[in-house]
Amino acid sequence: MARETEDPGMAKASKVKRQRKKKTKENKTRTVHANLLYDNAKGEENPNRHYANNKIKTTKYTVLSFLPKNLFEQFHRFANVYFVFIALLNFVPVVNAFQPELALAPVVFILSVTAIKDLWEDYRRHRSDKEINHMDCLVYSRAERSYVEKYWKEVRVGDFIRLRCNEILPADVLLLSSSDPDRLCHIETATLDGETNLKQRQVVRSFFDLDCDFDPIKYNSIIECEKPNNDLNRFRGYIIHRSGRRDALYKENLLLRGCTIRNTEEAVGIVIYAGHETKAMLNNNGPRYKRSKLERQMNVDVFWCVIILLVMCLFAAVGHGLWMFQYGDKRPVFDVLSPDGTDLSPIMSAIYLFLTMIIVFQVLIPISLFVSIEIVKICQVYFIHQDMELYDEETDSHLQCRALNITEDLGQMQYIFSDKTGTLTENKMVFRRCTVAGVEYSHDANARRLAMYQEMDSEEEECTSHGGTLPNEPASCLSTQPSAAPWSVRLTFTHFSYSVLSADKPSSDLQEKDITPDPQLLDKVNECSSQMDFMRFHSQPMSQLPSDLADVIDFFIALTICNTVVVSSPNQPRQKVQLTSTKSIQSNHLQVNKGSSSSLITNRSSNKGCSSMLSSPSAESTLTKLDEEQPPRDLEHNFGPVLPCYDGKAWNLEEGELRYEAESPDEAALVYAARAYKCSLVGRLPDQVTMELPHLGKLNFELLHTLGFDSTRKRMSVVVRHPLTDQITVYTKGADSVIMDLIKPPDTGSSKGKRQKKIVNRTQNYLNLYAADGLRTLCIAKKIMSKEQYACWLQHHLEAETAIQGREELLFESALRLETNLQLLGATGIEDRLQDGVPETIASLRKAGLQIWVLTGDKQETAVNIAYACKLLDPEEEILTLNADSQEACALFNFTTFEIYPSSSPSSSSSSHTPPFMVHRLGLVIDGRTLAYALDKSLEDKFLAVARSCRSVLCCRSTPLQKSMVVKLVRNKLKVMTLAIGDGANDVSMIQVADVGVGISGQEGMQAVMASDFALPRFRYLQKLLLVHGHWCYSRLANMILYFFYKNAMFVALIFWYQFYCGFSGSAMIDQWYLIFFNLMFSAFPQLITGTLDKDVSAETLQQLPQLYVNGQNSEEYKPYMFWMNMIDAFYQSLVCFFIPYFAYADSDVDLFTWGTPFTTLALFTILVHLGIETKTWTWMNWLSIAFSIALFFTVALCYNASCPTCYSPSNPYWTMQRLLQDPLFYLLCVITPVAALLPRYFYRACQGTLFPSPIFLRFRRLKNWNIFWCFCNPGKCLYHNDASQHMIRF
Amino acid sequence: MMASSYNAKDEDGHITVSGPGGGGTLRGKKPENTAFKQQRLPAWQPILTAGTVLPAFFIIGLIFIPIGIGLYVTSNNIKEFEIDYTGVDMSSPCFNCSQNFSWNSTRPCTCTVPFYLEQPYESNVFMYYGLSNFYQNHRRYVKSRDDSQLNGNVDSLKEPSKECEPYAKHDGKPIAPCGAIANSMFNDTLELFYNDPNGTRVQIPLTNTGIAWWTDKHVKFRNPGGDSSNITASFQGTSKPVNWRKPVYELDTAADNNGFINEDFIVWMRTAALPTFRKLYRIINKTSSMVPTLPRGNYTLEVVYNYPVRSFEGRKRMILSTISWMGGKNPFLGIAYITVGSVCFFLGVVLLIIHHKCGNRSNSADISN
């Protein structure tokens, strides 16, 4: 579709048109005009006519295109092409084996089953499309001069639509007007990204000042914006007014299709993207397609089947050639000439016969295998979905399988790569301790209270001591500081004895909100604020405040306002709390930047929901305002526009009832913490933050800027005008590593500088202690700017914001300019509690032989402590810490390791051969920088060698890219199955690289879930998913595939043996109908039932004995030799099934098809009984399916044999079955043949069960003994032992 | 281990409680707790060990061996006599016929084969002809027929199916019956004489009806134009198969055994499964005049030798057999049952030993439980 555009500089409509014609294709922007300017939305004149309308069509097919398109898609699968080729081969008279039409039947059947499935899905899409297209919305009509109801599908780009509260947006709409006094519109984006907090969107800046209703007729601006793209968090463009003025547009101005309007009575906007070009639709991509390991293995065996097929065909062809040759020139009467009466030479006949045999033996490559596998997988996915134990009541979510075809991979995992925050931990933050101005406030009371909660919560749990106090001897030997040598390394082995910090159980959310303040700090806050109140009253400058007290109050101000938390009240969850005027009017000195002049109101900035940084007042207004003396406020107007407009009732809310909605749980924790010190956030508007302080009452901070958090900067800042000092202040909050570097180097001369230095040093010490305690640390800093500095910075920043190209980079640089020379205020320690059941899950996954690596962005000490808490690292084991500051150092380190543990240098063979005594003694901790060196080509092998000899690996401070590189490295080099689990956007790359990606649908949005194959509500569900469902899926599917190969080989071999008795002429004694439908109908159901429902071990046992998982890891259920064993068994069984009837009917008057029909029956019985031997659990479904199969065969046979006396050439089986059923010989055959055929397998299974039972087998018998056995030997040894024994015994 | 510690009160303070309407009490997605959905259907879990499987082996053995013995005895009670009259040997009476005979010979060659029955044949005796090395199951041979024509379809009579090629038309006239099977129909005539000890030569009456399947004779095969009308006229305009001496409407004199419903023809058209086969030729019915049906003594088989088999090393036999409930004489099934039964029994013993020697180890664990 050609998009028109125009040069960004062009503003005039007339020029636009000319330009448009010239450059149609290469433009990168879209121009939107109001439709009202044109007579007809579709008319020639309308520049919007080329844009997609809002009618959506997600269907793939139309009535006409369905057949060709669907077939085309299906023929992308090679197998289908092969089967069609075979079927078409039948139409060549020289080689045909079956009735050509009949030979088409299975292919047509398979194709049509798939087609019907596709059609049904498409029909459902069509119905939902129709429903969506016919939803109503209000569109402004030029003719009626008002908003009229229209269907969604009639909405076009450039239309004005009016949205009411709780309505769903029909298209991507640029917000032009809102009934909200702050010109805001709240939307809920849960349908798009799963985030449930409200997002604020704001009216385009130039439409701010419209106090009356927005009148579409008067609108005459032109919008230039990006072409449609799928980035939900990005929208760039500008609006050009008639006056020629340009205003930038941001994603804050855009309402996305699919979102719901909340808390806003009415909003008006212009449609920018419609229908398929909306961001929501562009983000809609179907389920992912991956190929599982089992399927890859299977494809190898399918390839072997092809080889076997060709060998058989070749054998038959040669045989036929020789058979022909022996008759010489005298052709016997039964060797029929070709239709035109000529006779073929033996060689030509052999060649034709080769093709014929391919048709006859085609069943060997099971046409229904692929369909059956898909059916079974769908059932497996269904059962996983239905599992109650994978359902999380708290979030009302259950496991989602997003990739439908890799369920069995879950049973074969070897390495798990896990994120920490939000995956192992709750990502629910609890404020634990803080340090302000170099003084530590340990919040002992709070810690005691938390401990009490936990005791309450886990009375029956083993009690672990909680980290209310700092651990006795923290990780002092961890070498975080590189020494002075050019390349240095410190290799530290530490024996840890740690008090486990975290709770095994989550305590209630109350903890997050209720913080018992540290009395000392509380006193200081009170003292400080009373002093400030006093000063304010006496109009003294605030700078007279003692600096430690000033720091305390600044610290809390920063905690309160340096965030994007939105305040709401629990009674009315989605109503923004409005400030009541009564109290705040008294605080005359407070600056409320909401004067009567509307020009000031234009200074709005968004702050909610920005992960990118931006927010800027429009240039002119802010710059001018800076110089303006703030006029004394007219009290009447102070909150005039803010008065509640919902029901005319003012909200008088107690502080305690306020609820904070934060994008990141850290922020909420900090705000709640500040509230405990009576510094509470009471309201947040785009341009101001209101907080309440003791004695001082409500203070309104004019919010000049918010530089949102991002993972590169690792910090966020707000620029405010301090209401008490009237200074422009920057509050920055961020990771200690970055903030510490940005601290203004103290000038050592002055006493103030000395104090600063002391604070920095002390804070650093405490930060180390916090980290060692497993707390997440954040540093708080501030900076005071002069107006000139700010104006200068603002100028640059605005330039950056309006740039269309490279805006991100410019904004980044702009942020860097602001966040320098900070003054450190203090630091906080926040606890992120472990999720429920994480240590148990990790322990049992590890028993299952899974290697667990934790890759986290957190700092080393924090990560190590969490690792201890979740039992990833064991206090008993030695920790190998890798902190190198150069590549050489890293290399050296590796050599050292080998010297210390020469035995641990593993060969390149499989990981299970690592000496077990090594496996459980080492834990490896590596930081991001060292990881970067280790991942270098030259060192990666050594790194892997070391990592493999360790029981657990912990990578700290790693970037998302490093995470994915580690996964890729392990996956490619060790050839193991990898699973990556994470919850945040930073885990997406790792999730995508791993064989199986699991997303935790937690607190951090849905990006990880969107990228994942499976989405879990909680980490602990991984245990059941892998150990139970993974095991089942794998063993069921593996057994089914093996059975399929056996079944087809056995059936086809019957015909092969017959070739020896029909002159290798490609004749089949089995009626072609039976031959073709045997797989498709008669024998299809029992194996599907078994493949779906069979349980070799019960769920309970699998969870009690995670060791059983090794079965899948080593592919014990499906080894290459098993394929061949099954082939040999099939060979034997077919010999029995062929020769018993052969001898029983030898030299009798039996005719070809009367003799052949028992073969079908016998084969059916044999393979059903075979399935029965292999079935571990018999439910009524199994019985029913077997009974159904047999009944189906006889019914079909009887009907078929009675249906037509002259049809079905050449077999013409009229009344054959009926006669057979009167023949006692038939019954005698049906009894003896399956028994004789299955005797060896049955005997073998019985012997196996007694003589060398597999671990799985022992479940029934020696469960208790087994456990004792496992307890005696250490886990590593056991696994090894287990491996060896299993190699011997599993069949 | 998987105990959920969810507690309702946790809900209240949740930071990010979802929007209005999502009050949190509705648990819509919770899976149903049914045995099927939770994969907890009551199930029987057979455990295959020596101990559990052992009875099955003995039971199979105990059932199979008697059946096998019964079958073997039954098969042995069936009397069967077989004589090869191909005439490969110089000494054979049919040697001459076989030597200079081909499909094209016009003059029939007759030979007489004497034989001696050592046992009297009671009840009905079935007379078969047997062919060896004759691949009636060849793929192209099996297809070479037109069932529709054989069912009396007039259109197919005039225009035989292309499956019959190259035996569909001869000299422009459609062949009835068409196809290679019909063309190669067995056309020896066998007659049986009893040489009474007192010198007289009694011809044994051979019934040529009732040898084909009832459904074949009455449903599958029909003459064109119905049974009543003049059969010769019905086949007007058709040609006889190339190898046949006489047209299809002259196969027999009896109207209900002529044309396509001739039973010899029907029997031949039912193609044999294996290259060595027999086909029912005649039935010697038990009569009150002659008891036993075939007494012991000397017999003569008179063969009108029409059917050439020497070119493909084929053999022709005449078989006389009585019949039991399980068909003709074939000791194989009895032996098979006895063998399989014995093997089962033997394996059962082996399992018993295994069970006692090795099963104890695991059983001790059971006891300790």
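Residues numbered from 1 in each chain as written. Chains lettered and ligands numbered in written order. Predicted model: local features only at pLDDT ≥ 70, side-chain atom pairs only at ≥ 80, totals over all residues. Heavy atoms only, no water.

## Overview of the pattern of salt bridges
- Tallied over the full model, the rule gives 41 salt bridges over all chains.
- Note that Lys963(A) is salt-bridged to Asp419(A), the shortest N-O span being 3.2 Å. Note that Lys963(A) is positioned in helix H29 (residues 960-974) and Asp419(A) in the loop between strand E17 (415-418) and strand E18 (425-436), a separation of 544 residues in sequence.
- Exposure remark for Lys963(A): the relative accessible area of 1% places this residue in the buried category.
- Look at Asp419(A) and you get buried, because its relative accessible area is 3%.
- Taken together, the salt bridges that share partners define one network made up of Asp1147(A), Glu80(B), Glu82(B), Arg278(B) and Arg317(B). (Salt bridge = Lys/Arg side-chain N within 4 Å of Asp/Glu carboxyl O. Helix = DSSP H or I, 4+ residues; strand = E, 2+ residues; numbered from the N terminus. Buried < 20%, exposed > 50% of the residue type's maximum accessible area, 1.4 Å probe, protein only.)

## A few points about the sheet that holds strand E2 (residues 109-117) of chain B
Residue and element names in this part refer to chain B.
- Pairing is antiparallel in the open sheet, where four strands are placed in the order E2-E9-E6-E7. Strands with a single pairing partner mark the edges of an open sheet, and in this sheet they are E2 and strand E7 (201-203). Within this sheet the neighbouring strands show an average axis-to-axis angle of 30°, counted without direction.
- Strand direction decides the pairing type here: E2 and strand E9 (residues 297-305), joined by nine bridges, are antiparallel. The residue of E9 that forms the bridge with valine 113 is leucine 301. (Pairing = 2+ DSSP bridges. Axes fitted to C-alpha atoms, helices over the stretch in contact; angles between N-to-C directions.)

## Some thoughts on the state of the cysteines
- Within this structure, the stated rule accounts for four disulfides over all chains.
- Here Cys97(B) engages in a disulfide with Cys109(B); their sulfurs sit 1.6 Å apart. Where Cys97(B) bonds to Cys109(B) through sulfur, the torsion about that S-S bond is close to -80°, and the disulfide is left-handed. Remark: Cys109(B) occurs in strand E2 and Cys97(B) occurs in helix H2 (residues 95-99); sequence separation between them is 12 residues. Both residues of the pair, Cys97(B) and Cys109(B), count as buried.
- With its bonded cysteines labelled in order along the sequence, chain B shows the pairing 1-4, 2-3, 5-6.
- Between Cys528(A), a free cysteine, and Cys679(A), which holds the nearest cysteine sulfur, the sulfur-to-sulfur gap is 8.6 Å. (Disulfide = S-S within 2.5 Å.)

## Let's talk about the pairing of strand E35 (residues 996-1000) of chain A
All names here are of chain A.
- Taken across its five residues, E35 has five buried, putting it largely inside the fold.
- Here E35 shows no split at all, with Val996, Val998 and Ile1000 on one side and Gly997 and Gly999 on the other all buried.
- Where strand E34 (residues 978-982) meets E35, four bridges bridge the pair, whose relative direction is parallel. What sits directly across from glycine 982, in E35, is glycine 999.
- At this point the chain moves from E34, through helix H30 (residues 988-993), to the parallel E35, and the crossover so formed is right-handed.
- Relative to strand E36 (residues 1014-1016), E35 runs parallel, the two sharing three bridges. Paired with glycine 999 across the two strands is alanine 1015, which belongs to E36. (Right-handed = clockwise from strand over helix to strand, strands pointing away.)

## Brief notes about the interface of chain B and chain A
- Of the residues lining the interface, 115 residues belong to chain B; the matching set on chain A comes to 124 residues.
- Buried area between chain B and chain A, summed over both chains or domains, comes out near 10600 Å², and the portion from carbon and sulfur atoms is 62%.
- There are five salt bridges connecting chain B and chain A.
- Put simply, Arg270(B) and Asp1151(A) hold a salt bridge, and the shortest N to O gap is 3.0 Å.
- Counting across the interface, chain B meets chain A through 24 residue pairs in polar contact (both at pLDDT 80 or more).
- Counting residues per element, the ones that place at least two in the side of chain B that touches chain A are helix H1 (50-77), helix H3 (139-143), helix H4 (147-150), helix H7 (214-220), strand E8 (277-284), helix H10 (332-357) and helix H11 (359-368) of chain B.
- At 11 residues, the largest contribution of residues to the side of chain B that touches chain A is made by H10(B).
- Tallied by class, residues from the side of chain B that touches chain A come to 60 nonpolar, 32 polar and 23 charged. (Contact = heavy atoms within 4.5 Å. Buried area = accessible area lost by both parts, 1.4 Å probe. Polar contact = N/O pair within 3.5 Å; in protein donor to acceptor, adjacent residues only side chain to side chain. Nonpolar A, V, L, I, M, F, W, Y, C, P; charged D, E, K, R; others polar.)

## Section: a nonpolar patch on the surface
All names here are of chain A.
- Together, Val300, Phe303, Trp304, Ile307, Val311 and Trp1124 make up a nonpolar patch on the protein surface, roughly 540 Å² of accessible area in all.
- With five residues, helix H7 (residues 293-327) is the single largest residue contributor to the nonpolar patch.
- Tracing the sequence through the fold places phenylalanine 303 in helix H7. (Patch = residues over 30% accessible without salt bridge, like charges linked within 9 Å, V, L, I, M, F, W, Y side chains within 5 Å. Areas by Shrake-Rupley, 256 points an atom, 1.4 Å probe, with all protein chains shown as cover.)

## Remarks on the packing of helix H37 (residues 1120-1144) of chain A against helix H38 (residues 1152-1174) of chain A
Residue and element names in this part refer to chain A.
- Relative to each other, H37 and H38 sit at 140°, their axes nearing to 10 Å. Once H37 is placed against H38, the crossing between them reads as right-handed. Listed contacts from H38 to Asn1126, Asp1129, Gln1133, Cys1137, Phe1138, Pro1141 and Tyr1142 of H37 are Trp1155, Phe1159, Leu1162, Thr1166 and His1170. (Left-handed = near helix turned anticlockwise from the far one by under 90°.)

## Focus on helix H39 (residues 1180-1203) of chain A
Residues and elements named next belong to chain A.
- In a regular helix each residue adds 1.5 Å, so 24 residues correspond to 34 Å; H39 covers 33 Å between its end C-alpha atoms and thus fits that length.
- Regarding H39, the residues found buried are Met1181, Asn1182, Ser1185, Ile1186, Ser1189, Leu1192, Phe1193, Phe1194, Ala1197, Tyr1200 and Asn1201.
- Those residues of H39 hidden inside the fold are in contact with helix H33 (1072-1082), helix H34 (1084-1093), H38, helix H40 (1216-1220) and helix H41 (1224-1251). (Expected span 1.5 Å × (residues − 1).)

## Overview of the UniProt feature "transmembrane region" (unreviewed entry) in chain B
- Mapped onto the present numbering, the UniProt feature "transmembrane region" (unreviewed entry) falls at residues 47-73 and 332-354 of chain B.
- Summarising residues 47-73 of chain B: 89% helix, 0% strand, and an end-to-end C-alpha distance of 38 Å. (UniProt positions renumbered as here; feature names shortened; annotations may be inferred.)

## Quick notes on H34(A)
Residues and elements named next belong to chain A.
- The buried fraction of H34 is high, at nine of 10 residues.
- Regarding H34, the residues found buried are Ala1084, Pro1086, Gln1087, Leu1088, Ile1089, Thr1090, Gly1091, Thr1092 and Leu1093.
- Contact partners of the buried residues in H34: helix H9 (367-386), helix H32 (1021-1059), H33, H38 and H39.

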